[in-house]
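# Overview (structure and organization)
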Amino acid sequence: MAQIGQIIVDVPTMQTNEPYSYAIPADLENQVQVGMRVTVPFGRGHRVVSGVVVGLSDVTNFDGQLKPIQSVLDLAPILTTELQQLAAWLADTTYAFRITCIQTMLPSLLKAQTERQIQPTVPLTDQEMATYFPDGAPRAFDTSKLADTTLAGLLRLQRAGKVEVTYQVTSKAAAKTTTGIKPALPVAKLQEIQAEVAKRAPKQAELLAYLQTMDPDKLVAQSQVSHATGVSTAVMTTAADKGWLTKQPLEVYRDPFHQPVTPTKPLKLNAEQQVAVTAITKAVDEQRTENFLVEGVTGSGKTEVYLQSIAVALQQHRTALMMVPEIALTPQMVNRVKARFGQRVAVLHSGLSKGEQYDEWRRIDQGEATVVVGARSAIFAPVRNLGIIIMDEEHESSYKQDENPRYHARDVALWRGKYNHCPVVLGSATPSLETRARAAKGLYTRLLLAKRVNDHPLPTVHIVDMREEVKQRADGDFSQPLLTAIQERLDRHEQMVLMLNRRGYSSFVMCRDCGFVLKCPNCDISLTLHMDTHTMKCHYCGHEEAIPHICPNCHSRKIRYYGTGTQKVETALQKEFPTARILRMDVDSTRRKGAHEKILRQFGDHQADILLGTQMIAKGLDFPNVTLVGVLNADTALGLPDFRASERTFQLLTQVSGRAGRAEKPGEVFIQTFNPDHYAIELAQQQDYERFFVTEMHMRHQGNYPPYYFAVQLTASHEDEATAAKAMYQIVGTLQKGLSKDAIVLGPTPKAIARVKRKYYYQVVIKYKREPQLRPLLEKIRQAAQIPARHGLAITIDSEPMNFM
DNA sequence: AGCACGCCGACT
DNA sequence: GTCGGCGTGCTC
């Protein structure tokens, strides 16, 4: 029997980022298992922390006195072997603490809380009691909540040994319970009583009859019995008093999606879909890791391919994981999966309450749910025996977490695919350059869905040159062609979607006459406007110059910040079309829970003619009556100082164009732009992903950007700007000493938004192809960062960042 | 993270 | 002279 447990304690620091050895006391010997949470004494005082058991052994290389594990928090392991290994890998590749990774993988209710209490050890004077324990002893001891004088006084008493602090580690995880009942007497006896009461108490007799049909070992919810028999709970209470039945709390799941779903059958596939399903399910059959890229135009029926592939995995008694971006995880989407797989589906996303998340997690852990649909963190769902992993809209940047651990769900998916010997299916109409390039290299099997189901044609896309429009009309958000098109739709009682691109709002300067955007002379990247310093800055090399008042290209005076807001546009739109019914969907109008769905439902019921919104309307909406899509400002994302600006613009325009003409009526798209000749816009008009890919790859090659290079971003932040900058310069010094000549170090530069929450941010980006010294160097930097961290200097490492700015 | 130990200025 | 301020090292 193992004597020693290896524990990762819940103390996120570098020196506790490895297992600590604890003795397993005899009474816990049969309880402690790898993957369970425990509480352990930690440090000199009486401090107690929680931790996770990652190993059991008889020996340890720690040559000190081992402390014993204090208690076990779980009845069964909460981490499978797979997830334990995944946590270790994740910590390694993202430069995060192991305990942080473990907590990220678990529902938040399983994060143990430590509470401290303070109480007298000797009788205190009345005066002391009144001052420090007005509500009686013991009292909660939260140093951040107590008044300074009270805290000081309590600490003085503590030093005098008159009071002591005790620690309590609690896990909030609690299953919801309802009242359950089960028969307390044998069937024969119940029958006897039933006969006795039959005449005078029909309800009691009915209940007794029902009790005889029940499994004596299984609790049934009181409400369920009442529903089945028509016997009120009052009768059951009487019956319990008489000893016919026993009442006990019964664990139930909170059901986040209780509305019934009409089941659906698999749809008939077209030839392309069939090829895709065959290829994917072959890998499922053979239990083989094979990664697929399903490249399908909008409306090509990717979802049906996913569902039928999942069905095959389930037939083989394996499980399935289907990843969807948070923004696309709508009830419509979930219902589509539930309609096919019913009760086997679990849903994980941030819109659920913590209790609901925990319940869905438990259903998966118990094996009751075998299909998991969820957003980013669902990639850590405790499914066993995975048979397929699907990641829809794989190009979505929300799959990358922007706090520690800074992981990309796609990388985790590939890891789990390999571990489980199962295929990983990445799907998109506009794959990320990284993924498409890997497919080109043969790392992923490419499956094309070029046809729209039902052969609906792709919409006609018009580019509106706003440079011309601005010349002819006053400064407005709407071009004449778009206004005409809107009027046509209103006349025909058809619906339309107008998108306002909010990214990069007001952050760059563009000429309204020629579309000229000020770029950095060294980096070929847009300069960002900094109102605080009244300069234009490059966030790659630090180049800085004055804000232009005359366009350097055409000498026009109409060079100014570019940007506008949805509310302003709504007002203008309503003025143009006084009778049009407009729904606005942006961050403001969807802040309330459920507001998002409500707006979509209203639009679906044709309670409005125009849906005006930001990026969030571009994804996955499917309204058959929409025949017009307008993009008011296609350029804003292009102006961002990010090498992915073109890619994002192309993806967004292609996605939003796909919203038009989903049914019989043909669709039309109008893209208003000041850069009609930009390849991202031209190729989005032609809906030519392949040419965009080739063109953009060329640009990336020229600029030494991913996917030709790997990238790591380091950021320093501090309240004092000079401290942050100095730290970054020191780091660059360390890097340049250790890295090879081939590595490209960009920076240090201030971040695009240099000051956030009273802190200044400085960053450096390293681009490299092969750099064996990088990892040890970064570890060294992490180690060194600990000392100044005391003074508020935070260093973060982001491998393959999504935002360079 | 959070606790104890340890070294310096203003008080009984 | 001590109390208590914060800066530093360490936690199986």
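These numbers were taken from a predicted model, which means no experiment stands behind them.

The rules behind the values
Residues numbered from 1 in each chain as written. Chains lettered and ligands numbered in written order. Predicted model: local features only at pLDDT ≥ 70, side-chain atom pairs only at ≥ 80, totals over all residues. Heavy atoms only, no water. UniProt positions renumbered as here; feature names shortened; annotations may be inferred. Helix = DSSP H or I, 4+ residues; strand = E, 2+ residues; numbered from the N terminus. Contact = heavy atoms within 4.5 Å. Buried < 20%, exposed > 50% of the residue type's maximum accessible area, 1.4 Å probe, protein only. Arc of directions from axis to C-beta. Salt bridge = Lys/Arg side-chain N within 4 Å of Asp/Glu carboxyl O. Near = heavy atom within 4 Å. Polar contact = N/O pair within 3.5 Å; in protein donor to acceptor, adjacent residues only side chain to side chain. Nonpolar A, V, L, I, M, F, W, Y, C, P; charged D, E, K, R; others polar. Pairing = 2+ DSSP bridges. Right-handed = clockwise from strand over helix to strand, strands pointing away. Core = buried A, V, L, I, M, F, W, Y, C linked by side-chain atoms within 4.5 Å. 1 Å grid on protein atoms, 1.4 Å probe; cavity = no way out; pocket = protein on both sides within 12 Å on 5 of 7 lines; lining within 4 Å. Points joined across faces, edges and corners; volume = space filled by probe spheres on them. Phe/Tyr/Trp six-rings, centres within 6.5 Å; stacked < 30°, edge-to-face > 60°. Lys NZ or Arg CZ within 6 Å of the ring centre and 35° of its normal.

Mapped onto this numbering, the UniProt entry gives "binding site: Zn(2+) 1" (unreviewed entry) at Cys511, Cys514, Cys551 and Cys554. A compact arrangement is adopted by the annotated residues: their sequence extent is 44 residues, whereas the largest C-alpha distance between any two is 8.7 Å. Relative to the helices and strands, Cys514 resides in the loop between strand S21 (509–511) and strand S22 (528–530). Apart from the residues within four sequence positions on either side, Cys514 is in contact with Arg467, Cys551, Asn553, Cys554 and Phe674. Mapping Cys551 onto the fold places it in the loop between strand S24 (544–546) and strand S25 (559–561). Leaving out residues up to four positions away in the same chain, Cys551 has contacts with Cys511, Cys514, Phe516, Ser556 and Ile559.

Burial in helix H8 (residues 233–241) covers these residues: Val235, Met236 and Ala239. All buried residues of H8 lie within an arc of 100° about the axis, which places them on one face of the element. Those residues of H8 hidden inside the fold are in contact with strand S9 (176–183), helix H6 (202–213), helix H7 (222–229) and strand S11 (245–252). Positive phi shows up at Gly243, right after H8, with a value of about 85°.

A few words now on the pattern of salt bridges. Under the definition given, this model contains 27 salt bridges. With its nearest N and O atoms 2.8 Å apart, the salt bridge here joins Glu82 to Arg416. Placement of the pair is Glu82 in helix H1 (residues 81–94) and Arg416 in helix H13 (residues 409–420), with a sequence separation of 334 residues. Overall, the relative accessible area of 5% leaves Glu82 in the buried class. A salt bridge links Asp359 to Arg362; the shortest N-O distance between them is 3.0 Å. A residue pair is termed a helical-turn pair when its members lie 3 or 4 positions apart in one helix, as Asp359 and Arg362 do in helix H12 (residues 354–365) at 3 residues. As far as the burial class goes, Asp359 and Arg362 line up, both buried. Salt bridges linked by common partners bring Glu488, Arg489, Arg492, Glu494 and Glu668 together as one network.

A few words on the protein's contact with DNA strand B. Surrounding DNA strand B, one finds Val11, Thr13, Arg44, Gly45, Arg47, Arg116, Tyr167 and Arg790. Among all atoms of DNA strand B positioned within 4 Å of the protein, those belonging to sugar or phosphate total 53%. Between a base nitrogen of DNA strand B and a side-chain N or O atom of Arg47, the distance comes to 3.1 Å. For DNA strand B, a phosphate oxygen lies 2.8 Å from a polar atom in the side chain of Arg116. Of the residues that constitute the surface near DNA strand B, the class distribution is 2 nonpolar, 2 polar and 4 charged.

Turning our eyes to something else, we now look at the pairing of strand S16 (residues 386–392). Here S16 lies mainly inside the structure; 7 of its 7 residues are buried. Note: strand S13 (residues 319–323) against S16, 5 bridges, orientation parallel. Among the inter-strand pairings, Leu321 is bridged to a residue of S16, identified as Ile389. By the bridge criterion, 4 bridges tie S16 to strand S17 (residues 424–428) in an arrangement that is parallel. Looking at the pairing, Asp392 lines up with Gly427 of S17. Where the polypeptide runs from S16 across H13 and back to S17, its parallel neighbour, the crossover connection is right-handed.

A few words on the nonpolar core. The biggest cluster of nonpolar side chains holds 47 residues, and the ones touching the most others in it are Leu79, Leu321, Met323, Ile364, Ile379, Phe380 and Ile389. Breaking this core down by element, the ones donating at least two residues are H1, helix H2 (98–105), S13, strand S14 (345–348), H12, S16, H13 and S17. In contact with Leu321, not counting residues within four places along its chain, are Val372, Ala378, Ile379, Ala381, Leu386, Ile388, Ile389, Ile390 and Arg416. Ranked by size, the runner-up nonpolar core spans 37 residues in total, among them Leu433, Leu611, Val631 and Leu652.

In this structure the tally under the stated criterion is 3 cavities of 30 Å³ or more. There is about 90 Å³ of room inside the largest cavity. Lining the largest cavity are Asp10, Arg37, Ser50, Gly51, Val52, Ile99, Ile102, Gln103, Leu106, Leu110, Lys111 and Ala112. Elements represented by at least two residues in the lining of the largest cavity include exactly strand S4 (48–57) and H2. Its residues assigned to classes, the lining of the largest cavity comprises 6 nonpolar, 3 polar and 3 charged.

Glancing now at the sheet that holds strand S5 (residues 71–72). In a beta sheet, neighbouring strands pair by backbone hydrogen bonds and run either parallel or antiparallel. The strand order S2-S1-S4-S3-S5 describes an open sheet built from 5 strands, whose pairing is antiparallel. The open sheet has two edge strands with one neighbour each: strand S2 (20–23) and S5. As paired elements, strand S3 (residues 37–41) and S5 share 2 bridges and run antiparallel to each other. Looking across to S5, one finds that Thr39 is bridged to Ser71.

All right, on to the protein's contact with DNA strand C then. In the vicinity of DNA strand C there are 15 residues, among which Ser21, Phe42, Gly43, Lys67 and Arg790 approach most closely. Of all DNA strand C atoms lying within 4 Å of any protein atom, the proportion belonging to sugar or phosphate reaches 38%. Between DNA strand C and the protein, one listed contact pairs a base oxygen with a backbone N or O atom of Ser21 at 2.6 Å. The contact in question runs from a sugar or linking oxygen of DNA strand C to an N or O atom on the backbone of Gly43, over 3.1 Å.

With respect to the helices and strands, Ala276 occurs in helix H9 (residues 271–285). When its relative accessible area of 1% is taken as the criterion, Ala276 is described as buried. When the C-alpha atoms of Ala276 and Phe292 are compared, they prove to be 9.2 Å apart, with 16 residues separating the residues in sequence. With near-sequence residues (within four places) excluded, Ala276 lies in contact with Val305, Leu447 and Leu449.

We now examine the packing of aromatic side chains. Working definition: an aromatic ring pair is given by the centre-to-centre distance plus the angle between the planes. Counted by the stated rule, this structure contains 11 aromatic pairs. Members of the aromatic cluster, connected to one another through ring pairs, are Phe650, Tyr679, Tyr689, Phe692 and Phe693. Sitting above the plane of the Phe693 ring, Arg436 keeps its charged end 4.7 Å from the centroid. Above the ring of Tyr705, the side-chain terminus of Lys767 is found at 4.0 Å from the ring centroid.

On to unusual backbone geometry. With glycine set apart, most residues show a phi of negative sign, and most peptide bonds adopt trans. In this model, Asn404 is joined to Pro405 through a cis peptide bond whose omega is -10°. Looking at the element boundaries, Pro405 is found in the loop between S16 and H13. Cis geometry is found at the peptide bond from Pro706 to Pro707, where omega equals 5°. Along the chain, Pro707 turns up in the loop between helix H21 (689–703) and strand S30 (710–718). Phi is positive for Asn704, close to 55°, though the residue is something other than glycine. For Asn704, the location among the structural elements is in the loop between H21 and S30. Among the residues examined, Asn704 registers a relative accessible area of 27% and is labelled partly exposed.

For Ser428, the position within the fold is in strand S17. Accessibility expressed as a relative area gives 0% for Ser428, which makes it buried. Engagement of the side chain of Ser428 in a polar contact is seen with the backbone nitrogen of Thr430, the distance being 2.9 Å. Setting aside residues up to four positions removed in sequence, Ser428 forms contacts with Val294, Glu295, Gly296, Lys302, Glu393, Glu394 and His395.

Moving on, we get to the sheet that holds S11. Taken in spatial order, the 3 strands of this open sheet run S10-S9-S11, and their pairing is antiparallel. Two strands bound the open sheet, and with one partner strand each, they are strand S10 (220–221) and S11. Pairing between S9 and S10: 2 bridges, direction antiparallel. Each residue of the ladder has a partner; that of Gly180, found in S10, is Ala221.

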